[in-house]
Amino acid sequence: MSFLDHLEELRWLLIRSTVAILIAACVAFAFSKFIFDEIIFAPKDGNFITYRFFCDLANKYDLDKSFCVTEIPFEIQSRRMDGQFSTDIWTAITAGFILAFPFILWEFWKFIRPALYDKERKYALAFLFTTSTLFFLGVLFGYYLIVPLSINFLGTYRISDVVKNDIDLDSYLSLVKTTVISCGLIFELPIVIYFLSKIGLVTAATLRGYRKFAYVIMLIVAAVVTPPDVVSQIIVTIPLAILYEISILISARMEKKELKTNELKK
């Protein structure tokens, strides 16, 4: 295919992906009340499953009791005339992107498939399943851990009793959506490392060399979004550390395969 043919194929990939997102967004819009009441605003409830888990953990091991709360003391408000309507639309689009993510991956796979060997093309379903699973695991990780930890910390943080927390709707949703989508994409790290290792931009030695810096960053993130106790910080850090170690193993395996292929060619 010529360069213009590739651009044409890419254009149709983007069009089909956009249509899939819009269709999924329409479905999400139809269930917007459930999405807002039962999903988005659920972490604001003191009875949310994450708070109960950490509270039980704190009681069992005599740790910090900051999660043993009945409510998060702040109100959510909309200060624009079109605030709730536009929020409903953009939230539906975000949900549409999450729901349509496997289809977008499939479109991406079809785009790069002509550049792959026959033995690599047979892994299409494995690629789709693994990548989608990692993304949804990241979304769940962000929703059930990072989002409630952040809401509890930021929503209860006070510089003075004079200042009351009346959180803007856009600010609250920005925290939820950004965290969930970011975690979903972060969990794609092993897939990204696979392709970067395949083209030689990343090596296992490089990842091992930066391991200590990566762990420090993970611990800093965990310290920011969790209460001041070691257990909750470890719970947040462990999945990220596992992803990083898996990425190192993937890179090392790719190097071994590449070395074996070069030896056979000789």
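Going by the structure above, here's the rest.
Everything numeric here is computed off the predicted structure, so don't read it as measured data.

Parameters at a glance
- Residues numbered from 1 in each chain as written.
- Predicted model: local features only at pLDDT ≥ 70, side-chain atom pairs only at ≥ 80, totals over all residues.
- Heavy atoms only, no water.
- Helix = DSSP H or I, 4+ residues; strand = E, 2+ residues; numbered from the N terminus.
- Buried < 20%, exposed > 50% of the residue type's maximum accessible area, 1.4 Å probe, protein only.
- Contact = heavy atoms within 4.5 Å.
- Areas by Shrake-Rupley, 256 points an atom, 1.4 Å probe, with all protein chains shown as cover.
- Phe/Tyr/Trp six-rings, centres within 6.5 Å; stacked < 30°, edge-to-face > 60°.
- Lys NZ or Arg CZ within 6 Å of the ring centre and 35° of its normal.
- Arc of directions from axis to C-beta.
- Salt bridge = Lys/Arg side-chain N within 4 Å of Asp/Glu carboxyl O.
- Axes fitted to C-alpha atoms, helices over the stretch in contact; angles between N-to-C directions.
- Parallel < 35°, antiparallel > 145°, perpendicular 65-115°, else oblique.
- Nonpolar A, V, L, I, M, F, W, Y, C, P; charged D, E, K, R; others polar.
- Patch = residues over 30% accessible without salt bridge, like charges linked within 9 Å, V, L, I, M, F, W, Y side chains within 5 Å.
- Expected span 1.5 Å × (residues − 1).
- Polar contact = N/O pair within 3.5 Å; in protein donor to acceptor, adjacent residues only side chain to side chain.

**What to know about the overall build of the chain**
- Along its length, the chain carries 12 helices and two strands.
- Ordered by position from N to C terminus, the α and β elements of the chain give α-α-α-β-α-α-α-α-β-α-α-α-α-α.
- Expressed as a percentage of the 266 residues in the chain, the buried residues total 39%.
- A separation threshold of at least 6 residues defines the contact pool for the chain, and within that pool the share at least 24 residues apart is 81%.
- Summed over its atoms, the accessible surface of the chain is roughly 16,500 Å², and 68% of this surface lies on carbon and sulfur atoms.

**Some details on the packing of aromatic side chains**
- Counted by the stated rule, this structure contains 17 aromatic pairs.
- A centroid spacing of 6.1 Å and a plane angle of 85 degrees characterise the contact between Phe127 and Phe195, whose relative ring orientation is edge-to-face. Remark: Phe195 occurs in helix 9 (residues 189-198) and Phe127 occurs in helix 7 (residues 124-156); sequence separation between them is 68 residues.
- Classification of Phe127 by relative accessible area gives buried; the value is 12%.
- Site record: aromatic cluster; members linked through ring pairs are Phe36, Phe41, Phe74 and Tyr172.
- When the ring centre of Phe74 is taken as origin, the NZ or CZ atom of Lys44, which lies over that ring, is 5.0 Å away.

**Regarding helix 9**
- For helix 9, the full list of buried residues reads Pro190, Ile191, Ile193 and Ser197. Looking straight down helix 9, one finds its buried side chains confined to an arc of 160 degrees; they lie on one side.
- Immediately beyond the C-terminal end of helix 9, within one or two residues, lies Gly200, with a positive phi of roughly 85 degrees.

**Comments concerning the pattern of salt bridges**
- Counted under the stated rule, the structure contains nine salt bridges.
- For Glu245, the salt bridge identified is with Arg211, shortest N-O distance 3.0 Å. One end of the pair, Glu245, is in helix 12 (residues 230-265); the other, Arg211, is in helix 11 (residues 211-225), with 34 residues separating them in the sequence.
- Here Glu245 falls in the partly exposed class, since its relative accessible area comes to 25%.

**What about the packing of helix 3 (residues 49-61) against helix 7?**
- Two elements in contact, helix 3 and helix 7, have axes separated by 9 Å at closest approach and are oriented at 80 degrees. With respect to each other, helix 3 and helix 7 are oriented roughly perpendicular. On the side of helix 3, the interface is formed by Ile49, Thr50, Tyr51 and Phe54, while helix 7 contributes Tyr144, Leu145, Pro148, Leu149, Ile151 and Asn152.
- Of the residues that constitute the contact of helix 3 with helix 7, the class distribution is eight nonpolar, two polar and no charged.

**Some remarks on a nonpolar patch on the surface**
- Among the surface-exposed residues, Phe153, Leu154, Tyr157, Ile159, Val162 and Val163 lie close enough to one another that they form a single nonpolar patch of about 650 Å² accessible area.
- Looking at the secondary structure, you find Tyr157 in the loop between helix 7 and strand 2 (166-168).

**Looking at helix 5 (residues 101-112)**
- If you check helix 5, its first and last C-alpha atoms are 17 Å apart, about what 12 residues at 1.5 Å a residue would give, namely 16 Å.
- Of the residues making up helix 5, those classed as buried are Phe101, Ile104, Leu105, Glu107, Trp109 and Ile112.

**What to know about the side chain of Ser132**
- Relative to the helices and strands, Ser132 resides in helix 7.
- Among the polar contacts listed, one links the side chain of Ser132 to the backbone oxygen of Leu128, at a separation of 2.8 Å.
- Those residues within four positions of Ser132 in sequence are excluded, and the remaining contacts are Pro102 and Leu105.

**Considerations on the environment of Gly200**
- Mapped onto the fold, Gly200 is located in the loop between helix 9 and helix 10 (204-209).
- Owing to a relative accessible area of 52%, Gly200 belongs among the exposed residues under this scheme.

As far as function goes, none of this settles anything; it's purely spatial.
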